[in-house]
Amino acid sequence: MASTRRSAPLAVLLGILALTVSTTLVGCSADSEDDHGSGRPPVSRGEDEDSQWPGKQGSSTEYDPESTFAVDVDTASYGYASRLLREGRWPERDKVRPEEFVNSFEQDYPEPGGDGFAVHIDGARPPTNHGTTVDDELRLMRVGLQTRSDEAENRPDAALTFVVDTSGSMAEPGRLDLVRDALHTLVDQLRRTESVAIVAFSGEARVVQEMTRVSDAERLHSAIDSLRPESFTNLEAGLVLGYQVAREGFRAGQTNRVIVLSDGLANSGEIGADAILRRVREEADKEIALLGVGVGSEYGDALMERLADRGDGFVVYVGDRTQAREVFVRQLPATLTVRALDAKVQVTFDPATVSSYRLVGYENRALADDDFRDDRVDGGEVGPGHSVTALYEVRLNGERPASARAAQVRVRWLDPQDRTAAETYESVTVGNLDGRFELASPRLWVCYAAGYFAEALRRIPAGEEIRLTDLRRVAERAAEQTGDPKVAELAMLIGQVA
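Residues numbered from 1 in each chain as written. Predicted model: local features only at pLDDT ≥ 70, side-chain atom pairs only at ≥ 80, totals over all residues. Heavy atoms only, no water.

Caption draft 1: Spatial organisation of the overall build of the chain. Looking only at helices and strands, the chain has 13 helices and 16 strands in total. Buried positions account for 58% of the 498 residues belonging to the chain. Partitioning the intrachain contacts of the chain with sequence separation of at least 6 by distance along the chain shows that 80% fall at a separation of at least 24. (Helix = DSSP H or I, 4+ residues; strand = E, 2+ residues; numbered from the N terminus. Buried < 20%, exposed > 50% of the residue type's maximum accessible area, 1.4 Å probe, protein only. Contact = heavy atoms within 4.5 Å.)

Shown next as structure tokens:
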């Protein structure tokens, strides 16, 4: 890898940020087990520690030509980190997951004609300011998966059980008030033939509203209005009762979901993940998937992510009313149905063409290569119209002809109806990766800016060779080309730090 450096202005900023923020966040540290945002940048690490940090080193194709991982459509890491940074707080490095930064943005992949995935692979030479030395062999490779969108009227009805955190911590503005507003909005958006149940949990769990048709919206709105913050956070009790209500109200032929809305700060009942995860896994196997919606300025990221991953679902984070309405009005209804279960990706690099590679992120979704075709091993659930992106650094094995194959990308998933396995694949050549960065797709620019911004957040000050000012310029150009306000927000966020 290229040698590393850190610009003097950034070092000054980090010192100022550590001084000003840590004075108001006594007790928060990068090494704490809390999920709170740290009041200072990550501490320096020694060489041994740095070599163990996820994603730091690449893999040689001589010893390991295959990269295998479970698909992930979570986006909570980016949502929560962006909130912390806007508030002047630094996210703890182990809460920053680059794949969730990348997957928070729209892509330009073509949709498949039928069910399953369309596979898109492209790439480019890195920009000239990527790192501190010129590396003629380094390439960027974007692997994109896309499912077919569903017309809203074609999706089956849904039976949704909302498990709402009403603990004392949810009294903070931007938590339970935001949840109530989002639930009111969703009830007004659902079909009259669909059904909603509401479970609340604090020290104990209770059924606020049994499974009720949306045609009886008045009762549902009254139940939502009755939600008030109470005492402790017994997330285990809430999920156990929530799944019981969902099972009792199960609608065959419909989409059955449990949706937990919480700050994830469990402090009562079973607060460790394992016992809760066992229950979630059992119910997910019975066709009741779990979705997680995180809220709050202090957020239990790790627990919510693990619950969603094991529950064949995904987790998002909402920090304000605009984000909440986008999730509940646009994103949630569009993802109630499922296109693929246990989706996995395996990228096989040609050792004659590629000497080494590095996947940006996905550390906690990595699989053994033999697990790719083992359908007992969990993958990821993907809904209609979803895109999934993986960004690789690829180092070529000297000068190779443009027609030489660099890699083959294979995707495997289970049909959500009968659980039969299917696969599709595409290949990429050296020529596909050889174009100038400035001529690549603006959406590739977005992936680059988002992914390396995440890496900078979790590595500084140990030394990330890409300057944040350069990433900001890439994001700004991408925002101009795409007209996407979320990309403009990313550019602003990088600029705020840089």
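Caption draft 2: Summary view of the pattern of salt bridges. Overall, the coordinates contain 32 salt bridges when judged by the stated rule. With its nearest N and O atoms 3.0 Å apart, the salt bridge here joins Arg 83 to Glu 87. For Asp 94, the salt bridge goes to Lys 95, with nearest N and O atoms at 3.1 Å. Each member of the salt-bridge network shares a partner with another, and the members are Arg 83, Glu 87, Arg 89, Glu 172 and Arg 175. (Salt bridge = Lys/Arg side-chain N within 4 Å of Asp/Glu carboxyl O.)

Caption draft 3: Representation of the nonpolar core in the model. Grouped together as the largest cluster of nonpolar side chains are 68 residues, with contacts concentrated most on Met 141, Phe 162, Val 164, Phe 328, Phe 349 and Tyr 392. Here this core takes seven residues from helix H5 (residues 176–189), the largest share from any one element. Leu 85, Val 96, Leu 140 and Ile 466 belong to the second largest nonpolar core, which has 37 residues in total. (Core = buried A, V, L, I, M, F, W, Y, C linked by side-chain atoms within 4.5 Å.)

Caption draft 4: View of the packing of helix H3 (residues 76–86) against helix H13 (residues 485–497). Viewed as axis vectors pointing N to C, H3 and H13 meet at an angle of 45°, and their least axial separation amounts to 10 Å. One element, H3, and the other, H13, form an angle in the oblique class. Along this stretch, H3 crosses H13, giving a crossing that reads as left-handed. Across the interface between the two elements, Tyr 78, Ser 82, Leu 85 and Arg 86 of H3 pack against Glu 489, Leu 490, Leu 493, Gln 496 and Val 497 of H13. (Axes fitted to C-alpha atoms, helices over the stretch in contact; angles between N-to-C directions. Parallel < 35°, antiparallel > 145°, perpendicular 65-115°, else oblique. Left-handed = near helix turned anticlockwise from the far one by under 90°.)

Caption draft 5: Representation of the environment of Ala 324 within the structure. By secondary structure assignment, the location of Ala 324 is in helix H10 (residues 321–334). Distance from Ala 324 to Ala 182, taken between C-alpha atoms, is 5.9 Å for residues 142 residues apart in sequence. Leave out the neighbours within four places in its chain, and Ala 324 touches Leu 178, Ala 182 and Val 318.

Caption draft 6: Inspection of the side chain of Thr 255 at higher detail. On the secondary structure map, Thr 255 appears in strand E8 (residues 255–262). Given a relative accessible area of 10%, Thr 255 falls into the buried group.

Caption draft 7: Summary view of H3. Extensive coverage of H3 is indicated by the burial of ten of its eleven residues. For H3, the complete set of buried residues consists of Ala 76, Ser 77, Tyr 78, Gly 79, Tyr 80, Ala 81, Ser 82, Arg 83, Leu 84 and Leu 85. As for H3, its buried residues are in contact with helix H4 (98–102), strand E10 (315–317), helix H11 (442–459) and H13. Positive phi appears at Gly 88, one or two residues downstream of H3, with a value of about 85°.

Caption draft 8: Here's a closer look at the layout of surface pockets. Taken as a whole, the largest pocket encloses approximately 890 Å³ of empty space. Around the largest pocket sit 34 residues that line it, and Ser 104, Glu 326, Arg 330, Gln 331 and Lys 486 are the ones nearest its centre. Secondary-structure elements contributing two or more residues to the lining of the largest pocket are H3, E10, H10 and H13. The element that contributes the greatest number of residues to the lining of the largest pocket is H10, accounting for seven residues. The residue makeup of the lining of the largest pocket, split by class, is eleven nonpolar, 14 polar and nine charged. A volume near 670 Å³ is recorded for the second largest pocket. Around the second largest pocket sit 30 residues that line it, and Gln 254, Thr 255, Val 338, Pro 416 and Gln 417 are the ones nearest its centre. (1 Å grid on protein atoms, 1.4 Å probe; cavity = no way out; pocket = protein on both sides within 12 Å on 5 of 7 lines; lining within 4 Å. Points joined across faces, edges and corners; volume = space filled by probe spheres on them. Nonpolar A, V, L, I, M, F, W, Y, C, P; charged D, E, K, R; others polar.)

Caption draft 9: Expanded view of the sheet that holds strand E7 (residues 205–213). Taken together, six strands build an open sheet; the order of strands is E7-E6-E5-E8-E9-E10 and the sheet is mixed. On the outer flanks of this sheet lie E7 and E10, each paired with one strand and no other. With direction set aside, neighbouring strand axes in the sheet form an average angle of 15°. Summarising the sheet, strand E9 (residues 289–294) and E10 pair through three bridges and their orientation is parallel. Paired with Val 293 across the strands is Val 316, a residue of E10. On top of the sheet, H5 reaches strand E5 (158–165) and E8; it is set at about 165° to E5, its chief contact. Across the sheet, helix H6 (residues 217–225) is in contact with strand E6 (195–201) and E7; its angle to E7 comes to roughly 160°. (Pairing = 2+ DSSP bridges.)

Caption draft 10: Highlighting the confidence of the model for the chain. Per-residue confidence for the chain averages 81 on the pLDDT scale, and 82% of its residues sit at or above 70. In this model residues 1–56 is a low-confidence stretch, pLDDT under 50, and it forms 112 contacts with partners more than four residues away in sequence or in other chains. (pLDDT = per-residue confidence, 0-100.)

Caption draft 11: Region of the structure containing the packing of H11 against helix H12 (residues 468–482). Contact geometry of H11 with H12 gives a least axis separation of 9 Å together with a crossing angle of 150°. Comparing the axis directions of H11 and H12 gives the class roughly antiparallel. When you trace H11 past H12, the crossing you get is left-handed. When H11 is examined against H12, the residues Pro 442, Arg 443, Trp 445, Val 446, Tyr 448, Ala 449, Tyr 452, Phe 453 and Ala 456 are found in contact with a partner set consisting of Leu 468, Leu 471, Val 474, Ala 475, Arg 477, Ala 478, Gln 481 and Thr 482. Each residue belonging to the contact of H11 with H12 can be placed in one class, and the counts come to 13 nonpolar, two polar and two charged.

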